[in-house]
Amino acid sequence: MSNYAKPLPDLTDPLTAPFWQGTREGKLLVQKCGQCGYLRWPPGPCCPQCLTPGSEWTPVSAAGVLYSYAEYHRALAPAFKDDVPYSVGLIELDEGPRMYGTLVGLARTEDVGRRVHAVFDPVTPEVTLVKWELS
Ligand code: ZN
């Protein structure tokens, strides 16, 4: 058993299980529409562009730019109280989709628009979380 005491994703959710399988393998996956090829995040049951149900999962480059961020000074859950202050970024992937994620270190205003890359953090044997670091 791991000593990791923070909330973890539900690995049995069929909508997101492929994403977490990917992070365990050090890959960042997003859904791709089998009909029109649109890449989407967050995962959903159908394509927001052409409404085709279903999807396939495809790896993306795990890099992009910091589109925006927020700095947390109050923990939203007690498990995070020792982490404040921390920054959560909105990352625009090179392939287009935008994804939220915890940043490594605190962001500064001038970091918006800078390159970032994913860091894979295996917090338990089953769960690898993704953080983002300035490149
Ligand atoms: Zn589509």
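Criteria and thresholds
- Residues numbered from 1 in each chain as written.
- Predicted model: local features only at pLDDT ≥ 70, side-chain atom pairs only at ≥ 80, totals over all residues.
- Heavy atoms only, no water.
- Helix = DSSP H or I, 4+ residues; strand = E, 2+ residues; numbered from the N terminus.
- Polar contact = N/O pair within 3.5 Å; in protein donor to acceptor, adjacent residues only side chain to side chain.
- Contact = heavy atoms within 4.5 Å.
- Donors = N, O, S within 2.8 Å, 3.2 Å for Na, K, Ca; no water.
- Tetrahedral: all angles 85-135°; square planar, octahedral: opposite > 155°, others 65-115°.
- Pairing = 2+ DSSP bridges.
- Axes fitted to C-alpha atoms, helices over the stretch in contact; angles between N-to-C directions.
- Buried < 20%, exposed > 50% of the residue type's maximum accessible area, 1.4 Å probe, protein only.
- Lys, Arg positive; Asp, Glu negative; His and termini not counted.
- Salt bridge = Lys/Arg side-chain N within 4 Å of Asp/Glu carboxyl O.

The next point concerns the side chain of S87. Along the chain, S87 falls in strand 5 (residues 86–93). A polar side-chain atom of S87 sits 3.0 Å from the main-chain amide nitrogen of A107. Aside from chain neighbours lying at most four places away, what touches S87 is Y69, A70, E71, G101, T102, L103, G105, L106 and A107.

We now examine the coordination of the zinc ion. Coordination of the zinc ion by the protein involves C33 (SG), C36 (SG), C47 (SG) and C50 (SG), with metal-donor separations of 2.3 to 2.4 Å. Each of the 4 donor atoms bound to the zinc ion contributes to angles spanning 103 to 117°, and the resulting shape is tetrahedral. Taken in chain order, the donor set of the zinc ion reads C-x2-C-x10-C-x2-C.

A few words on the sheet that holds strand 7 (residues 115–122). The mixed closed barrel is built from 5 strands, whose spatial order is 4-5-6-8-7. On average, each strand axis in the sheet is inclined to that of its neighbour by 50°, with strand direction left out of account. Across 7 bridges, the pairing between strand 7 and strand 8 (residues 128–134) is antiparallel. The residue bridging P122 from the neighbouring strand is T128, located in strand 8. The strands that helix 1 (residues 17–24) touches are strand 6 (98–103), strand 7 and strand 8; relative to strand 8, the one it contacts most, it runs at about 65°.

A few words on the side chain of R40. Structurally, the position occupied by R40 is in strand 2 (residues 39–40). Buried charge without a salt bridge: R40, with E56 as the nearest opposite-charge side chain at an N-O distance of 9.3 Å. Among all residues touching R40, those that are not within four sequence positions of it are V30, Q31, C33, P45, C46, C47, P48, G54, S55 and P97.

All right, on to the pattern of salt bridges then. Per the counting criterion, the structure on display carries 9 salt bridges. For the salt bridge of E92 with R98, the shortest nitrogen-to-oxygen distance reads 2.8 Å. E92 sits in the partly exposed class, given a relative accessible area of 26%. Overall, R98 belongs to the partly exposed group, its relative accessible area being 36%. Between R114 and D111 there is a salt bridge, with the nearest N and O atoms lying 3.1 Å from each other. One network of salt bridges, with partners in common, ties together R108, E110, D111 and R114.

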